[in-house]
There are 2 protein chains.
Amino acid sequence: MQRTYQPNTYIIREGELLQRHCAFIISGFAIRQKLTNVGARQIVSMHLPGDLLDLQHLYLNYADHNVQALTLMEAAEIGRPALRRLVLRNPRVATAMWIDALVDSSISREWLLNVGQRDARGRIAHLLCEFAARMTAAGMASDSGYELPMTQEQIGDAVGLTAVHVNRTIKALKAENLITRDKRHLHFHDIEGIRAIAGFSSLYLHLDQITTDPEDRPGDERGA
Amino acid sequence: MQRTYQPNTYIIREGELLQRHCAFIISGFAIRQKLTNVGARQIVSMHLPGDLLDLQHLYLNYADHNVQALTLMEAAEIGRPALRRLVLRNPRVATAMWIDALVDSSISREWLLNVGQRDARGRIAHLLCEFAARMTAAGMASDSGYELPMTQEQIGDAVGLTAVHVNRTIKALKAENLITRDKRHLHFHDIEGIRAIAGFSSLYLHLDQITTDPEDRPGDERGA
DNA sequence: CGCCGGTTTGAGTCACTTCAACGACAGTGG
DNA sequence: CCACTGTCGTTGAAGTGACTCAAACCGGCG
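Residues numbered from 1 in each chain as written. Chains lettered and ligands numbered in written order. Predicted model: local features only at pLDDT ≥ 70, side-chain atom pairs only at ≥ 80, totals over all residues. Heavy atoms only, no water.

Per an unreviewed UniProt entry, the recorded name for chain A is Crp/Fnr family transcriptional regulator, and the organism is Alterirhizorhabdus solaris.

Now the structure itself:
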């Protein structure tokens, strides 16, 4: 069951009783976000084509965050009961789902570290590095950089800064000749410099354990 | 296999190749934390008796964060292969593990919101509320409050603030007659007031889906 | 008693926010 | 074809919440 979502459409809303389905992104980008009681928004993760969208809710009764299309997005939907049965009966799928869910958690932890402990330069640089690594893994980055489909406001909501301050920080990074941004296209001039500012290490992405298609992972259901 | 850990002992270190075991907390508290390249520490989660300690690493090759005993702690250890087999063969256990892992993720997301979007008062108040809710669920809170086994420095590392500022903020909360702290014991005088400051809602803890013992959950492997 | 980890307090500074306005650009409709 | 509108990016000026540095205090313990 394929579906198209317009930018900014809500796919799941916090508090909602979950009964419908999980989705797999075919094209476009999605984010997951939460709001405080006073309406401040925190983007808690970003998803690109190939990602499972709400695996995080597979066994939960109520949605604890919002899921929203960031750009125009196509997704394939899988019924919850069907996916659960698949997970229970097929060890390969189960393992792949576990890895996907655990990597997702690992990324949240890194984001928490990012937002809690780094300054503005570090946070933004880290976001750019992570996105570069994930886009590269997904085959969506070129030598000249990649398309970062976010406004400065959204970047701010992802790293816990104001849009204004994101603007000034990016301006500073450009001034130091580390990056250039031409519309939505981002280019690194000094990737090592950016990595140093970010304190970036890709360990937490567990890239060695990711394959695009869960079906073609080698049999790793045999245990340790 | 039962083991005792002294306060501050590392149980798992970031970057480590994981081969040994998972642990279940019998008594005491543990934290999980990460460090930036410049040595700043972020506590990414806290665990109390009954929690599974490193389920987050069950299917991953390398540890992406540190796990450390916060107090004197006793844990029961389960071999990784044994637990994986159990998960694959027993749908009830599998479901319970999924729920545990997903709730853990949900908590990270809430922490990200907390650190990214709330001010010092809100962050600390939120931490106190969450801990109250979890301690109550674990039967470890009394009417008079609960034991919060953290120094102000650790609270700071959990919410992304300096120990000094945590001190001043707690002082302010005390001055407003919202809480009192006597050594490690914390008492709420105005729980509703604290909840309001925190913007706390326990939805994200998914308390309706938690049981202390994975074995006695009702059969919910039947799908949606 | 003297040390030590943790808490408390003060003074000065700075990174980030807030508010506000303006410019660039794309889409829309007359 | 151009005026109208809305979104996004950019910039300035002023305010403030949290940090830094540093010192003193406190209770527990060997």
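J.: How should the sheet that holds strand β1 (residues 2-5) of chain B be read in this particular structure?
T.: Paired through backbone hydrogen bonds, the strands of a sheet run either parallel or antiparallel to each other. Residue and element names in this part refer to chain B. With antiparallel pairing, 3 strands are arranged side by side in an open sheet as β1-β7-β3. Edge strands, defined here as strands with exactly one partner in the open sheet, are β1 and β3 (21-27). In this sheet, adjacent strand axes meet at a mean angle of 35° when their direction is disregarded. The sheet contact formed by β3 and strand β7 (residues 73-79) spans 6 bridges and is antiparallel. Looking at the pairing, Ser27 lines up with Glu74 of β7. Of the strands in this sheet, β3 and β7 touch helix α1 (residues 80-89), which is tilted by about 70° from β7. (Pairing = 2+ DSSP bridges. Helix = DSSP H or I, 4+ residues; strand = E, 2+ residues; numbered from the N terminus. Axes fitted to C-alpha atoms, helices over the stretch in contact; angles between N-to-C directions. Contact = heavy atoms within 4.5 Å.)

J.: For this particular structure, what's the right way to read the interface of chain B and chain A?
T.: Note: interface size is frequently given as the accessible area lost on complex formation between the parts. Counting residues at the interface gives 61 residues for chain B, matched by 59 residues for chain A. The junction of chain B with chain A conceals about 5100 Å² of combined surface from both sides, 65% of it contributed by carbon and sulfur atoms. Of all residues in chain B, the largest losses of buried area upon contact with chain A belong to Trp98, Arg109 and Leu112 of chain B, amounting jointly to 17% of the total for that side. Linking chain B with chain A are 4 salt bridges. (Buried area = accessible area lost by both parts, 1.4 Å probe. Salt bridge = Lys/Arg side-chain N within 4 Å of Asp/Glu carboxyl O.)

J.: Help me understand the packing of helix α3 (residues 120-137) of chain A against helix α4 (residues 152-159) of chain A, please; the structure alone is not making it clear to me.
T.: When two helices pack together, their arrangement is captured by the angle between the axes and the distance separating the axes. Residue and element names in this part refer to chain A. Running from amino to carboxyl end, α3 crosses α4 at an angle of 105°, the nearest separation of the two axes being 10 Å. Put simply, α3 runs roughly perpendicular to α4. Residue-level contacts link Arg123, Ile124 and Leu127 of α3 to Ile155, Ala158 and Val159 of α4. Looking at side-chain class alone, the contact of α3 with α4 contains 5 nonpolar, no polar and 1 charged residues. (Parallel < 35°, antiparallel > 145°, perpendicular 65-115°, else oblique. Nonpolar A, V, L, I, M, F, W, Y, C, P; charged D, E, K, R; others polar.)

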